[in-house]
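Close look at the chain arrangement
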Amino acid sequence: MGAILEAIRDKLTAAFEPTRLEIVDDSSRHAGHAGAREGGESHFNVTIEAPAFAGTPRVARQRMVYHALAEELAGPVHALSVKALAPGEG
Amino acid sequence: MSEAAANPVHDWIAKSVAENPVILFMKGEPEQPRCGFSAVTVQILDHLGVEFVGVDVLQSDALREGIKSFSDWPTIPQLYVKGEFVGGCDIVREMFQSGELKTLLSEKGLLEA
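Here's what I pulled together on the structure shown here. (Residues numbered from 1 in each chain as written. Chains lettered and ligands numbered in written order. Predicted model: local features only at pLDDT ≥ 70, side-chain atom pairs only at ≥ 80, totals over all residues. Heavy atoms only, no water.)

Quick word on the sheet that holds strand β4 (residues 53-56) of chain B
Residue and element names in this part refer to chain B. We apply this condition: Between any two strands, pairing holds if DSSP finds at least two bridges. Strands here mean DSSP runs of E at least two residues long; helices mean DSSP runs of H or I at least four residues long; both are numbered from the N terminus. All axes are obtained by fitting lines to C-alpha atoms, using only the stretch in contact for helices, and the reported angles, taken between N-to-C directions, cover 0 to 180 degrees.
With mixed pairing, the 4 strands of this open sheet are ordered in space as β4-β1-β5-β6. Looking at the sheet topology across the chains shown, the edges are occupied by β4 and β6 (84-87). On average, each strand axis in the sheet is inclined to that of its neighbour by 25°, with strand direction left out of account. In this sheet, β6 lies alongside strand β5 (residues 78-81) in antiparallel orientation, the contact comprising 3 bridges. The residue bridging Y80 from the neighbouring strand is F85, located in β6.

Quick word on unusual backbone geometry
Residues other than glycine predominantly adopt negative phi, and peptide bonds predominantly adopt the trans conformation. All names here are of chain B. For clarity, the cut-off: When accessible area is computed with a 1.4 Å probe and restricted to protein chains, residues below 20% of their type maximum are described as buried, those above 50% as exposed, and intermediate ones as partly exposed.
That bond from I76 to P77 is cis: its omega, 15°, falls within 30 degrees of zero. Its location among the elements puts P77 in the loop between α3 (61-71) and β5. Despite not being glycine, D72 has its phi angle at roughly 50°, a positive value. Relative to the elements of secondary structure, D72 occurs in the loop between α3 and β5. Classification of D72 by relative accessible area gives partly exposed; the value is 31%.

Comments concerning the interface of chain A and chain B
A common way to express how large an interface is: the accessible area buried when the components associate. Quick reminder of the rule: The criterion used for residue contact is that any of the two residues' heavy atoms lie within 4.5 Å. Two parts placed together each lose some accessible area under a 1.4 Å probe, and adding up what both lose gives the buried area. Salt bridges are defined by distance alone: a side-chain nitrogen of Lys or Arg within 4 Å of a carboxyl oxygen of Asp or Glu. What qualifies as a polar contact is a pair of N or O atoms within 3.5 Å, subject to a donor-acceptor requirement within protein and to the restriction that residues adjacent in sequence count only when both atoms come from side chains. Classification convention: Asp, Glu, Lys, Arg as charged; Ala, Val, Leu, Ile, Met, Phe, Trp, Tyr, Cys, Pro as nonpolar; all other residues, Gly among them, as polar.
Taken together, the 15 residues of chain A in the interface contact 17 residues of chain B. Contact between chain A and chain B buries roughly 1400 Å² in total, counting both sides, with carbon and sulfur atoms accounting for 54%. Looking at the side of chain A facing chain B, the largest losses of area belong to A:R58, A:R63 and A:Y66, adding up to 41% of the total buried there. Taken together, chain A and chain B are joined by 3 salt bridges. A salt bridge links B:E94 to A:R58; its shortest N-O distance comes to 2.9 Å. Between the two partners, chain A and chain B, sit 9 residue pairs in polar contact (both at pLDDT 80 or more). Where the side of chain A that touches chain B is concerned, the elements lending two or more residues are α2 (58-68) and β3 (79-85) of chain A. Broken down by element, the side of chain A that touches chain B gets its largest block of residues, 6 residues, from α2(A). Its residues placed into classes, the side of chain A that touches chain B shows 6 nonpolar, 7 polar and 2 charged.

Some details on the layout of surface pockets
A probe matching the size of a water molecule, rolled over the atoms, marks out where space remains unfilled. Using the following cut-off: For cavity detection a 1 Å grid was placed over the protein atoms alone, and a set of points counts as a cavity when a 1.4 Å probe fits there but cannot get out; an open set counts as a pocket when protein lies on both sides within 12 Å along at least five of seven lines, with lining residues being those that have an atom within 4 Å of a point. Grid points are joined across faces, edges and corners, and a volume is the space filled by probe spheres set on the points.
The volume enclosed by the largest pocket comes to roughly 510 Å³. Looking at the largest pocket, it is lined by 30 residues, and the ones nearest its centre are A:L73, A:H78, B:K68, B:P74 and B:T75. Among the elements of the structure, α2, α3 (70-74) and β3 of chain A together with α3 and α4 (89-98) of chain B are those that each provide at least two residues to the lining of the largest pocket. Broken down by element, the residue count for the lining of the largest pocket peaks at 4 residues, all from α3(B). Grouping the amino acids of the lining of the largest pocket by side-chain chemistry returns 15 nonpolar, 9 polar and 6 charged. Size it by volume and the second largest pocket reaches roughly 240 Å³. With 4 residues, the top contributor of residues to the lining of the second largest pocket is α4(B). Grouping the amino acids of the lining of the second largest pocket by side-chain chemistry returns 4 nonpolar, 4 polar and 5 charged.

Written out as structure tokens, the structure reads:
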């Protein structure tokens, strides 16, 4: 498992205590594309389910995730696709 | 959003968002997106048949960084409807699939009935 994926998982776990967390490194689908890095770990898909998202609009949910991962997004992570759910939503 | 009045890029973005009912900050031009996420968002807007203005943030580093701080949103594309931030590619896609995007645009009078 890549170091960046692990950092994403640790930070999201600490910030949200998710009831479900799936992180997929989607970098290979973007190889050669602007923003893709040697060795991958530039594009991720995150599905996170956490009580913190209940009653929170979509934009705010995604912003919470982005804020938790600000360091990664400012650095190596070029794209982060986020699906943020409250328990029971999906 | 920034309170600082001294940021000319933010001023330009605020003005563009206010003047254009549907505006997409994206990578590349609508006719030739230069990123898959921007391309998907353009396809959705085209599919719904809504008129929109596309702003290519790759034309200027100041704009590319400025839109991120303006919206407090670190990724591109970014869609604004009637001055309100709707979201990026994930949210636009989700709202399209659920029918909410069409409803939103209709309610704002931006789609033919």
